[in-house]
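An overview of the molecular structure
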Amino acid sequence: MKDPALWGDLRQRYESGGPRRLLALDGGGIRGVMTLGILKAIEQIVGQPLSGYFDYIAGTSTGAIIAASLARGMSVAEIEKFYRDAGPDMFAKTSFIKRLNSLYRNGPLEQKLKDVFGERTDLKPGALKTLLLVVTRNVTTDSPWPISSNPEAKYNALALEDCNLGIPLWKLVRASTAAPIYFPPEVVELVPGNEKKTFVFVDGGMTPYNNPAFLLYRFATDPAYQLQWPTGERNMMLVSVGTGAAAAPGATPDDPESNMLSTGITIPTALMYGSLVDQDINCRAVGRCTYGEEIDGELGDMIPRDNAGKPLPLDRDCGRSFLYARYNIDVSAKGLADLGFGAAPSGDVKKMDLATPEHIDLLVRIGEAAGRQVKPEHFGPFLPATV
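Residues numbered from 1 in each chain as written. Predicted model: local features only at pLDDT ≥ 70, side-chain atom pairs only at ≥ 80, totals over all residues. Heavy atoms only, no water.

**Re the pairing of strand E4 (residues 143–148)**
In regular strands, side chains alternate between the two faces of the sheet. By the bridge criterion, six bridges tie strand E3 (residues 131–138) to E4 in an arrangement that is antiparallel. Across the sheet, the residue bridging to Thr136 is Trp145, located in E4. (Pairing = 2+ DSSP bridges. Helix = DSSP H or I, 4+ residues; strand = E, 2+ residues; numbered from the N terminus.)

Next up, the structure:
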């Protein structure tokens, strides 16, 4: 039995034995708008708000904005309106002198997050309609800090002076979106006035968890996190949604060496992309992939198949820990052309901070086209009975 003092309105929901459905949302700046088209397709297929369908939602950076919005009970259409209304202000340029520290002003994003989440809303029971996991990086301790709303987690005990559940939701999301160079870091006082309990946070994308999918699986199942939800292909499903990807051309055989400047510029992006793919591969290796683009020529898409190359039916259990679907968008020139956006400049679509109203509209339309990849059969036994 769940303690009503801990779980509040969520007690009855989480006392049930499952099955459990998890949703993980990548970081990617304004490109998160494209995620919404895929989420809209999922929302239509499951026939209910995603906060009611998914039992645990995780997000990093822009994914944290979307995850927190969903956990609050917002529809995908409401989140799209938020990005249309707030996107241009989020990336309002800072003054020339201050640009030596960060390109964009903190104030507009902070105010928009307060407006949508409420200034006093925190992670305590009653504020959210489903469990939430937000990925941040604690610069002070030089470590990833994923923070969840699970009331039974070790650092969420209400008796603790520095209980994580007391962090304002807007501030936690702001911390996860504080991309270095783009935005100033976020300072969080876990205990007001206590310097030892005050930390500096930056974007969760600066950790190995810009794609938080496998991290979310651990938070839902590992004993350390106090949930220990049952695993198995009929007990758990994990859906992971990216913000667009495309290979970046590098050195060529006729000019194989890179100078120090170009090497330094590309290292963070390469590491972030490598970590993102690794999270995806981990999910496909431990879980049973029902949909996902090809990883590479050797691994393929890792969907279990018979000797003839046909995907095995989902009623044939392969003994994996969960069902898994990975939806992303190929934003290369070819990928955009395949979606019907051949005239869209791939370089602009890849940008994380191009937030004019016209560009946001383009991203919305690309995301909706990408949403066509979502099919009911990917969800197997995890579709509501009425669908």
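Still to come is the rest of the account.
**Details of the packing of helix H5 (residues 62–71) against helix H6 (residues 76–90)**
How two helices sit against one another is set out by the angle between their axes and by the gap between those axes. It is the contact of H5 with H6, at a shortest axis distance of 11 Å, that shows an interaxial angle of 140 degrees. With respect to H6, the axis of H5 lies oblique. Regarding H5 and H6, the two cross each other, and that crossing is right-handed. Contact residues: Thr62, Ile65, Ile66, Ser69 and Leu70 in H5; Val76, Ile79, Phe82, Tyr83 and Met90 in H6. Considering only residue class, the contact of H5 with H6 consists of eight nonpolar, two polar and no charged. (Axes fitted to C-alpha atoms, helices over the stretch in contact; angles between N-to-C directions. Parallel < 35°, antiparallel > 145°, perpendicular 65-115°, else oblique. Left-handed = near helix turned anticlockwise from the far one by under 90°. Contact = heavy atoms within 4.5 Å. Nonpolar A, V, L, I, M, F, W, Y, C, P; charged D, E, K, R; others polar.)

**Focus: the pattern of salt bridges**
Between side chains of opposite charge, pairing is possible as soon as their charged atoms come close. Tallying each qualifying case throughout the model produces 22 salt bridges. Linking Asp122 and Lys124 is a salt bridge whose minimum nitrogen-to-oxygen distance equals 3.0 Å. On the basis of relative accessible area, Asp122 is assigned to the buried category, the value being 15%. For Glu186, the salt bridge is made with Lys171, and the minimal N-O distance between the two is 2.8 Å. Of this pair, Glu186 sits in strand E5 (residues 186–189) while Lys171 sits in helix H8 (residues 169–176), and the two are 15 residues apart along the sequence. Each member of the pair Glu186 and Lys171 is classed as buried. In the salt-bridge network here, residues are joined through shared partners; they are Lys40, Glu80, Arg84, Asp361, Arg365 and Glu368. (Salt bridge = Lys/Arg side-chain N within 4 Å of Asp/Glu carboxyl O. Buried < 20%, exposed > 50% of the residue type's maximum accessible area, 1.4 Å probe, protein only.)

**Re helix H3 (residues 32–46)**
An α-helical segment advances 3.6 residues per turn. Residues three or four places apart therefore align on the same side. The first and last C-alpha atoms of H3 sit 21 Å apart over 15 residues, in line with the 21 Å expected at 1.5 Å per residue. Of all 15 residues in H3, 14 are buried; the element is thus mostly enclosed. Directly after H3, the chain includes Gly47, whose backbone phi takes a positive value near 70 degrees. (Expected span 1.5 Å × (residues − 1).)

**Some words on the packing of H3 against H6**
With their axes 9 Å apart at the nearest point, H3 and H6 run at an angle of 165 degrees to one another. The angle between the axes of H3 and H6 places the two elements in the roughly antiparallel class. The two elements H3 and H6 meet at a crossing, and its hand is left-handed. Where H3 abuts H6, its residues Val33, Leu36, Leu39, Lys40 and Glu43 lie against Val76, Ile79, Glu80 and Tyr83. When the residues that make up the contact of H3 with H6 are grouped by side-chain class, the tally is six nonpolar, no polar and three charged.

**Considering the nonpolar core**
Soluble globular proteins: nonpolar side chains tend toward being buried together. Core analysis: the biggest nonpolar cluster contains 76 residues, and Leu39, Ile42 and Leu70 have the highest contact counts within it. It is H3 that provides the largest number of residues to this core, a total of nine residues. If we ignore the near neighbours within four places in the chain, the residues touching Leu39 are Leu23, Leu25, Leu50, Ile66, Leu70, Val76 and Val241. (Core = buried A, V, L, I, M, F, W, Y, C linked by side-chain atoms within 4.5 Å.)

**Considerations on a negative patch on the surface**
A cluster of like negative charges, contributed by Glu293, Glu294, Asp296, Glu298 and Asp330, occupies part of the molecular surface. Of note, Glu293 is situated in the loop between strand E8 (288–291) and strand E9 (323–327). (Patch = residues over 30% accessible without salt bridge, like charges linked within 9 Å, V, L, I, M, F, W, Y side chains within 5 Å. Areas by Shrake-Rupley, 256 points an atom, 1.4 Å probe, with all protein chains shown as cover. Lys, Arg positive; Asp, Glu negative; His and termini not counted. Charge placed at Lys NZ, Arg CZ, Asp CG, Glu CD.)

**Some points on unusual backbone geometry**
In this structure, Ser61 is a non-glycine residue whose phi angle is positive, near 55 degrees. Structurally, the position occupied by Ser61 is in the loop between strand E2 (56–60) and H5. We classify Ser61 as buried; its relative accessible area is 6%. The phi dihedral of Gln226 is positive, around 70 degrees, even though this residue is not glycine. Structurally, the position occupied by Gln226 is in the loop between helix H9 (213–221) and strand E7 (236–241).

**A short note on the side chain of Asn328**
Mapped onto the elements, Asn328 comes out in the loop between E9 and helix H11 (333–338). Polar side-chain contacts of Asn328 include one of 3.5 Å to the backbone nitrogen of Thr243. There is a polar contact of 2.8 Å between the side chain of Asn328 and the backbone nitrogen of Gly244. Non-local contacts of Asn328, meaning those with residues more than four positions away in its chain, are made with Ile38, Gly242, Thr243, Gly244, Ala245 and Gln373. (Polar contact = N/O pair within 3.5 Å; in protein donor to acceptor, adjacent residues only side chain to side chain.)

**Some words on the packing of aromatic side chains**
Geometry of an aromatic ring pair is reported as the spacing of the ring centres plus the angle between the planes. Taken as a whole and assessed by the stated rule, the structure comprises 13 aromatic pairs. Judged by centre distance (5.5 Å) and plane angle (35 degrees), the rings of Phe214 and Tyr217 are tilted. Of the two residues, Phe214 and Tyr217 both sit in helix H9, three residues apart, roughly one turn of that helix. Each member of the pair, Phe214 as well as Tyr217, is classed as buried. An angle of 40 degrees between the planes, with centres 4.8 Å apart, marks the rings of Tyr217 and Phe322 as tilted. Here Tyr217, found in helix H9, pairs with Phe322, found in the loop between E8 and E9; they are 105 residues apart in sequence, far enough to count as distant. Here Tyr217 and Phe322 have matching classes, each one buried. Each residue in the set Trp7, Tyr14, Tyr56 and Trp229 is aromatic and connected to the rest through ring pairs, giving one cluster. For the cation-ring pair, Arg20 lies above Trp229, with the distance from its terminal atom to the ring centre recorded as 4.9 Å. (Phe/Tyr/Trp six-rings, centres within 6.5 Å; stacked < 30°, edge-to-face > 60°. Lys NZ or Arg CZ within 6 Å of the ring centre and 35° of its normal.)

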